[in-house]
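For reference, the chains in residue letters:
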Amino acid sequence: MDIKVPEVGESVFEAEVGKWHKKDGEQVAKDDLLVELETDKITLELNADAEGVLRIGVKEGETVKIGAVIGSIEEAAGGKEEGEAAAKEPKKEKEEPKPEKKEAEKKKEEKKPAAEEKPKERPAEKKPEAKPEQPVAAEEKKKAAAAPAPRPREKGEEERITRQPMSRIRRRIAERLVAARQQTAMLTTFNEADMSRVIALRQKHGEEFKQRHGVPLGFMSFFVKASAEALKEFPEVNARIDGDDIVHQHFYDIGIAVGAEKGLVVPVIRDADRLSFAGIEQAIRDFVGKIEQNKLDLADLEGGTFSITNGGVYGSLLSTPILNPPQSAILGMHAIQERPVVRDGEIVIRPMMYLALSYDHRIVDGKGAVTFLVRVKEALEDPRRLLMDL
C-alpha cells in the first residue's frame, strides 16, 4: 500500500517531509502515526491505513509534490502468503561436476610454467633541471612565510553556533511579513482601555457561564464582540484592496492569532458577529485543540476579514502588530497592568491595557482608524450592551 501526500487545498502544490515517527522496516499497526508533512500553511499528520512493515521512500527534509508517493506499507497478510509459498518450493541440490570436467581440471593443474619472465628494465629517466626561482614568485613565497598562521579553533568553539534550515511554515511567515511591510502603507494608532468592568463581569458570572456553556469566559470573546460591532460602523476597516478596486465585505470573519510550536497561525471565526460569547469561546478552544494535535485544516485559515492578536499572554506591554494581507487592519491586545489614572479629578489605580490598531492607510484614513479604536475601547469599558446572552 502506497503512502501518498494528500491534497490540502487549491493553493498548496507541494510539501516538505517532516519527521518520520516510525523507522524504515519497522512493523506498524493500523492508525499508527507515521510522518508529519509541512506545507507553507499547515502541518499534516499521516497515519497508517493498514498493518504491515513500513518502507520509507523519501527522507526527512525533502520536498515532494502533492500526490507523490513517499513510502509504502507491506501488508502483513501479503508477506505471510509469500513466506508460505517460498517455504513450499523444493530446495535444489548442488550439482556435482561431470567426470570429464574433473579430468580436464586435474591436467591443467599439473602443468608448470616453463620459465618465469623477468621484467624488462626501464631506461634511467632524466631528472628535469631545476629552474632558477623567479623574483616575483620568490617574493610571494617570502610574504606567505612571514604571514601569521591562522588562529587555531579553541575547544568547543564550533559548538557556539548552530545552523538549521527554515521550515516551510516559517519561510511562508517570513515572506508574508516582508510583503506586508513592502506592499502596504501600514500605520498604527494606540489607545488604552480600563478593564475593570470586564474583569468584574468575569468574576461575577464566570462560574455560572462555565456551568451553563461548558467553556470558561475569557477576555478574547469581549474583544471579538467589540471588534465586530466597530467593524459594522466602520466598513472600510473590514474591506480589502483588489487591484484598483475596494472590496467591501458584509460579513465578519475574524482571525485569532495563536502561537504554535512551528510559528504563528491565524484560524478564522466565521460570522463572529452572529455568535454568542459561548460560541466564540468554544470556537477558540476547538482551534487550540486542533493546533496542538496538528489537525488544523487549510480552510480554518482562509478568508478572514480582520484579525486580533494578543501579545499580552507573553507579557507584552505595547507592540505594533503587523498586517495579515489582504486584510486592512489588525487589533493588538496587551498585558493588563495596574496603573494610576485620573477619574473624576482623583488619582485611582485601575487595571489598564494598551490597545494598538495597525491599518493600511491606502484604504483606511487616520480618522476612521482612530475612531474605530475608540469604539472598541468604549465597548470594553462598558460591556453590558455586548453581554445579551448572559
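Everything below is about the structure shown above.
Anyway, here's the lowdown on the structure attached to this text. Since this is a predicted model, take the numbers as computed values, not measurements.

Our focus in this paragraph is helix 5 (residues 196–213). Taking 1.5 Å of rise per residue, 18 residues should cover 26 Å, and helix 5 covers 24 Å from first to last C-alpha, within 8% of that figure. Largest kink in helix 5: about 55°, centred on histidine 205. Those residues of helix 5 that sit buried are Val198, Leu201, Gly206 and Phe209. In the core, the buried residues of helix 5 are packed alongside helix 6 (220–233), helix 7 (277–292) and helix 8 (366–381). Trailing helix 5 by a residue or two, glycine 214 shows a phi angle of about 80°, which is positive.

What follows deals with the sheet that holds strand 7 (residues 63–65). Across the sheet, four strands lie side by side as 5-4-2-7; this open sheet has antiparallel pairing. Both outer strands of the open sheet, strand 5 (43–47) and strand 7, are each paired with one neighbouring strand and no more. Sheet twist, expressed as the average angle between the axes of neighbouring strands with direction ignored, equals 40°. One ladder, built from three bridges, connects strand 2 (residues 14–20) with strand 4 (residues 33–38); its direction is antiparallel. Bridged to valine 17 within strand 4 is leucine 37. Lying on the sheet, helix 4 (residues 168–183) is in contact with strand 2, strand 4, strand 5 and strand 7; it crosses strand 2 at an angle near 135°.

This next bit is on helix 6. Taking 1.5 Å of rise per residue, the 14 residues of helix 6 would be expected to cover 20 Å, and the 20 Å separating its terminal C-alpha atoms lies within 8% of that figure. Most of helix 6 sits inside the fold, with 11 of its 14 residues counted as buried. Met220, Ser221, Phe222, Phe223, Val224, Lys225, Ala226, Ser227, Ala228, Ala230 and Leu231 are the residues of helix 6 that are buried.

Looking now at the pattern of salt bridges. Tallying each qualifying case throughout the model produces 21 salt bridges. Among the salt bridges present, the one from lysine 22 reaches aspartate 32, with a minimum N-O distance of 3.9 Å. Placement of lysine 22 in the loop between strand 2 and strand 3 (27–28) and of aspartate 32 in the loop between strand 3 and strand 4 is noted, with a sequence separation of 10 residues between them. On the basis of relative accessible area, aspartate 32 is assigned to the partly exposed category, the value being 23%. The structure contains a network of salt bridges with shared partners spanning Asp194, Arg343 and Arg350.

Analysis parameters
Residues numbered from 1 in each chain as written. Predicted model: local features only at pLDDT ≥ 70, side-chain atom pairs only at ≥ 80, totals over all residues. Heavy atoms only, no water. Helix = DSSP H or I, 4+ residues; strand = E, 2+ residues; numbered from the N terminus. Expected span 1.5 Å × (residues − 1). Bend = angle between axes of the 7 residues up to and from the residue. Buried < 20%, exposed > 50% of the residue type's maximum accessible area, 1.4 Å probe, protein only. Contact = heavy atoms within 4.5 Å. Pairing = 2+ DSSP bridges. Axes fitted to C-alpha atoms, helices over the stretch in contact; angles between N-to-C directions. Salt bridge = Lys/Arg side-chain N within 4 Å of Asp/Glu carboxyl O.

Remember, this is a structural readout, not a statement about activity or role.
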